[in-house]
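# Notes for the structure review
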Amino acid sequence: MLGWAADWSSIINSSILLLCILSLSSLAGYFCNKVGIVNIALEGQMIFGALIFCIFAQVLQPVANDTYILSMLLAVIFSVLLSWLFGFLIIKIKCDHTIASTAINLSVAGLATFLTGPLGSALSHGNFSKLNPNYSFEFHISGSLFADIFIILAIVAVIIFGLWFLVEKTRFGLRFKAVGDNPNAVDAQGLNVNKYKWIGMLIAGVLTALAGAIFSYGGSNVGGSSEFNGNVAGLGFLALGIVVAGAWKIPFIIVASIIFAILVRLFENEKLVSKIFNDSTLNGLKYVARAFPFILSSIALAIFSRKSVAPQALGIHFDKTSR
Amino acid sequence: MNKFKWRLARDTFLYSRKRKTTTKSIFIVIIAIALSTIVSALIATAFGYNPFETIKVLFSAAFEIEPDKFAYMVAVFALAAFAFSFAFKAGIFNIGISGQMYGAGVTLLVITTAIDKAGANFPPFIGQLFAIFIAMLVGACIALITGFLEQYLKVNAVVSAIILNWIILLIGFFVISAWYSNNPDNYAQMTASTNIPSQFTLAGGGIAGWIPAVIIVVLIAIILLVISKYTVFGHKINATGLAKEASRYAGYNVNLIKLSTFAISGALSGILAVVLYTARTTNIPATILNVVVPTEGFSGIAVGLIANNNPIGIILVSIVIGLYKTSSSFLSMSPTFNDVIIGFVMLGAAITVVFYQYKPWIFILKLKYSSEIVKPYNDFENKLDSLISKYKSIYMVFLNDQEVDKMYKLPINRRLRMQYKKVLTYSQRKVLAIIYLKQQISYMELKDLYDDNLDVKLQYLIEHGFIQFIKRNNQYLYQVNKYSLNYEKIIDYSRQYNFVEDILSAYIKEVNLIKNEYAINSIKELMQLKLSPKKYIDIVKNNIIWNYDNDLTKYISKQKAKIERNLEIIHKGNIENKFDHFLNSFLEKSNENHYNKIKHAIKQNDSWKQNAITKKTASLSVKYNPIGLNEISVDNINCYQSNDANLDKINQKITKLINHKVLFDNDRQMLLKLLVTYNQNLYLKGGKLC
């Protein structure tokens, strides 16, 4: 039973972290969609946040020990650059949303996979071959719950509650949501539609950067090492499914992300899976187990897509003349 | 004709606002690739590598060291881009190419190993065709899952495709690691599956694997071109991509078309799997430590978008990117550098969509002058654009029969041919002009006026909707179609111009008009601030000269009319007095006071530049001191000899005026004609006329 206890703590640790990541990134997708932008570049934005976090965590580690909050703040600040580029492509130049998102995905992923090697070896003076913020190796070994994780959870909860309040209970939120449904009506009232779109992009950039930073802090769950491989293990795409499954409503999105986080981590835990599937040749079944949340999300999409109502001006560029 | 054609082509390239021509897209692709290489070279310098060396290696290593791998990579990228671009024509963003490819590969592995174990032997080519067939089936089935989800359950295709990618990847990993691992003892070090049996692979069997791959690519390119351009099915696909609702109203079965495009792109990604997994190394890569969706699908998306979904462009772009990919393994830096390059190329291609809509030199103008120049520049471009389209229609009217035949026989560009099918030849135009002028005309009347092969031309015109054949008052008549109003304008244009050189000169004149207008409008906004006085003077001078030309012609024509009127009077009435009266009235404008002003202005000829800003002196000097006209020779006047003193007086007056450049050659001739009629006996008396 002691083995089980250790497993349960690690499961709770990792699931809370994954919950934070998924909820933040799916909220970012929610904010983009509510303004009429189809954002498939969540993965790219998260990778960027993770990259910046890793760099600054390694740079600042000899200066101070618990510097993860500072590095997260810096990741958030640098994400403004990427969201500026993305918004420029979509709002100013009016590219196709999917094309611009895949462009950002590819470029950021390429940059990240390229930069981990040289930067990692340079910053760690040859110790590591890749970027390594060196935080998460403790989570999966020890048996206790970490206080840091609950601090992160508290911060994320405050952020989510604040955003929910902003969007549901204030006038700003009402106008914000209206931009995705009928931007011409909003324009007729005299409000600046592009301003709200830029705000949506900025918020999305901030949230995904935070999510990426939390991922490289401890959310990757790669057996003992906290290397940065240049990817976010496809979590950005999972968030897209959660947004649709949550029917573009924040409480449903949070509930869906909780369910997903728990299930993903349950089935990734090797000891649990090996207890269920006892045969050693079927070791690869853990990959099927890892596919289970994706299967769930596709079923959820299949069930809920008919009933959930997307914002009406989703994917359509704003044209002032078409009133 | 060629001069005009070239001039129009050049101006459309430079000044057309929202046209997506092939030259522009090629230009933009080259710019994107060049920019991305430069940026990646800069990144290389940031890490201490020599940029010129990297570029050299990028472009040369593939040919020298590994041409097999280069051809293989080209085939891989091209097929992935085909799979993506074919779906993109119907408006589908097929991001699930990687999953379809991987699933097809895994099922191929399973089935072929089973068949090999059972001992069946396939003849040489049949095995490969069998493999291709299975892969196409499986790829199509996987793609159809996303298709059905999108059609009937309204799930976003992109999201479902991505999730399906991951599901297939993980299931495939399971299958490979359980039964087909290349390292069954050490589970954690599996990197690939077992080999696909050689009777089903493209590699092995005497020839290198990349030859059939390249052949497949070329065949598929031809097939896709033929489908999209020459078949009804391809036309339907293009129509659903461009206007979904309109094609639905036209009766196309949009659901079926979309599902079939999904299936076809899935089949293409199945072929990609065959090429990727059997043409060089005959196993499926599956590294346990890093579970990542294979990137060939996304590179295919990048290539397809850069090349604007054109099969020929795809082949060319995939050659460049295949070059980068194979050469990057020989760079001194890490081999992940090619991902950076492809990422930046993609980003560059997305950004260079800007150049279709925006022109970067507007920013330069904004910097140089203020932002107020945007409006006059946009007016300038709009007017040029409309002018170019107008002259294009005129160009179409002036085609000879031979040129129309040539265009009709163009084999490649069917779109052009369909456009020019509606062009009328000169003879057809004549018929149409006659009917238009007469408004309604019977056959017999028309035959009287126009004789040559009339029946054929009428048939052509009726078929293409230019004229109608109506019955009115028990009479059958031909009438120009109300809805072919455009062609009224063309007929009007054709009445104005007789030669092509006239069109070209008229076009150039109008272009200069617009340019002058732009210059003046921009200067009105900006003259206070930043324009040098020299430039301003030049532009004002050009404008004044143009105005002067206009005024001059009007002036001359007015005077000519007056002279002709007075000629009639002279014929009828008392000639001598009337002539004197006429001459005096003509010279009223050059009376003494006025004459002095002219002298003054003539003296100021050299220094008019300094006073150009004040309009009065400029207009005066220019009006009465024409610039650019040839000097009139005085010798011709002295040929005229007479015995009459009055005539000599008149002659002297005329010479005076000519020497002071008040009268011009045309006026002199008119006046001489006057003199001749005035004294008809001159010629009989022996006076010479020159």
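The paragraphs below set out a description of the structure included in this document. Because the structure is predicted, anything quoted here is derived from the model rather than measured.

## Looking at the overall build of chain B
Within chain B one finds 32 helices and 3 strands. Burial statistics for chain B: of 690 residues in total, 45% are counted as buried. For chain B, contacts bridging at least 24 residues in sequence account for 75% of all contacts bridging at least 6. Total accessible area computed for chain B in this model is approximately 37,400 Å², and 58% of it derives from carbon and sulfur atoms.

## Comments concerning the pairing of strand β2 (residues 467-471) of chain B
Residues and elements named next belong to chain B. Where β2 and strand β3 (residues 476-480) come together, 5 bridges link them in antiparallel fashion. Pairing of Q468 across the sheet is with Q479, part of β3. The loop that links β2 with its antiparallel partner β3 comprises 4 residues; one of these, N473, has a positive phi angle of about 55°.

## Digging into helix α3 (residues 51-65) of chain B
Residues and elements named next belong to chain B. Across its 15 residues, α3 extends 20 Å between first and last C-alpha, which sits within 8% of the 21 Å expected from 1.5 Å per residue. Of all the bends in α3, the greatest, near 35°, is centred on F59. Restricting attention to buried positions, one finds in α3 the residues P51, T54, L58, A61 and A62.

## Side note on the packing of aromatic side chains
Residues and elements named next belong to chain A. Under the criterion given, the structure shown has 24 aromatic pairs over all chains. Consider the rings of F172 and Y196, whose centres lie 5.6 Å apart with planes at 35°: the pair is tilted. Of the two residues, F172 is situated in helix α6 (residues 171-181) and Y196 in helix α8 (residues 193-219); the sequence distance between them amounts to 24 residues. On the basis of relative accessible area, F172 is assigned to the partly exposed category, the value being 26%. Judged by relative accessible area, Y196 falls into the buried class, the value being 5%. Joined through ring pairs, the aromatic side chains of Y30, F31, F172, F176 and Y196 make up one cluster. The lysine or arginine in question, K195, covers the ring of Y196, its NZ or CZ lying 5.8 Å from the ring centre.

## Some remarks on the pairing of β3 of chain B
The sheet contact formed by strand β1 (residues 440-442) of chain B and β3 of chain B spans 3 bridges and is antiparallel. When the bridges of β3 of chain B are listed, I441 of chain B appears paired with Y478 of chain B.

## Some words on the sheet that holds β3 of chain B
All names here are of chain B. Spatially, the 3 strands line up as an open sheet ordered β1-β3-β2, and their pairing is antiparallel. Among the strands making up the open sheet, the edge pair consists of β1 and β2. Mean inter-strand twist for the sheet, computed between neighbouring axes without regard to direction, equals 35°.

## With respect to unusual backbone geometry
A positive phi angle, near 60°, is found at K94 of chain A, a position not held by glycine. When its relative accessible area of 39% is taken as the criterion, K94 of chain A is described as partly exposed. The phi dihedral of N474 of chain B falls on the positive side, at around 60°, and the residue is not glycine. Structurally, the position occupied by N474 of chain B is in the loop between β2 and β3. You can call N474 of chain B exposed: its relative accessible area is 71%.

## Comments concerning the environment of V179 of chain A
Residues and elements named next belong to chain A. As for its position among the elements, V179 is in helix α6. In sequence terms V179 and P311 are 132 residues apart; their C-alpha atoms lie 9.0 Å from each other. Beyond its immediate chain neighbours, meaning those up to four positions away, V179 contacts K34, V35, V186, V193, Y196 and K197.

## A few points about the interface of chain A and chain B
On the side of chain B, 44 residues touch chain A, which itself brings 44 residues to the contact. Summed over both partners, the interface of chain A with chain B comes to about 4,000 Å²; 79% of that surface belongs to carbon and sulfur atoms. For the chain A face of the interface with chain B, the top three residues by lost area are L106, F114 and Y287 of chain A, together amounting to 18%. Between the two partners, chain A and chain B, sit 0 salt bridges. Counting across the interface, chain A meets chain B through 0 residue pairs in polar contact (both at pLDDT 80 or more). Elements with a minimum of two residues in the side of chain A that touches chain B: α3 (68-92), α4 (97-123), α9 (235-245) and α12 (285-304) of chain A. A class-by-class count of the residues in the side of chain A that touches chain B yields 25 nonpolar, 14 polar and 5 charged.

## So, a positive patch on the surface
Together, K554, K558, K562 and R565 of chain B make up a positively charged patch on the protein surface. Here K558 of chain B shows up in helix α25 (residues 533-572).

## Overview of the environment of L14 of chain B
Mapped onto the secondary structure, L14 of chain B falls in helix α1 (residues 2-15). Separated by 10 residues in the primary sequence, L14 of chain B and K24 of chain B place their C-alpha atoms 9.7 Å from one another.

## Comments concerning the pattern of salt bridges
Any two side chains of opposite charge can pair, given that their charged atoms come close. Residue and element names in this part refer to chain B. Applying the stated criterion across every chain, the model contains 6 salt bridges over all chains. Note that D11 is salt-bridged to R10, the shortest N-O span being 3.6 Å. When the shortest N-O distance is used, the salt bridge between R280 and E66 registers 3.8 Å. Of this pair, R280 sits in the loop between α11 (254-278) and α12 (296-306) while E66 sits in the loop between α3 and α4 (67-88), and the two are 214 residues apart along the sequence. Here E66 falls in the partly exposed class, since its relative accessible area comes to 24%.

Procedures and definitions
- Residues numbered from 1 in each chain as written.
- Chains lettered and ligands numbered in written order.
- Predicted model: local features only at pLDDT ≥ 70, side-chain atom pairs only at ≥ 80, totals over all residues.
- Heavy atoms only, no water.
- Helix = DSSP H or I, 4+ residues; strand = E, 2+ residues; numbered from the N terminus.
- Buried < 20%, exposed > 50% of the residue type's maximum accessible area, 1.4 Å probe, protein only.
- Contact = heavy atoms within 4.5 Å.
- Areas by Shrake-Rupley, 256 points an atom, 1.4 Å probe, with all protein chains shown as cover.
- Pairing = 2+ DSSP bridges.
- Expected span 1.5 Å × (residues − 1).
- Bend = angle between axes of the 7 residues up to and from the residue.
- Phe/Tyr/Trp six-rings, centres within 6.5 Å; stacked < 30°, edge-to-face > 60°.
- Lys NZ or Arg CZ within 6 Å of the ring centre and 35° of its normal.
- Axes fitted to C-alpha atoms, helices over the stretch in contact; angles between N-to-C directions.
- Buried area = accessible area lost by both parts, 1.4 Å probe.
- Salt bridge = Lys/Arg side-chain N within 4 Å of Asp/Glu carboxyl O.
- Polar contact = N/O pair within 3.5 Å; in protein donor to acceptor, adjacent residues only side chain to side chain.
- Nonpolar A, V, L, I, M, F, W, Y, C, P; charged D, E, K, R; others polar.
- Patch = residues over 30% accessible without salt bridge, like charges linked within 9 Å, V, L, I, M, F, W, Y side chains within 5 Å.
- Lys, Arg positive; Asp, Glu negative; His and termini not counted.
- Charge placed at Lys NZ, Arg CZ, Asp CG, Glu CD.

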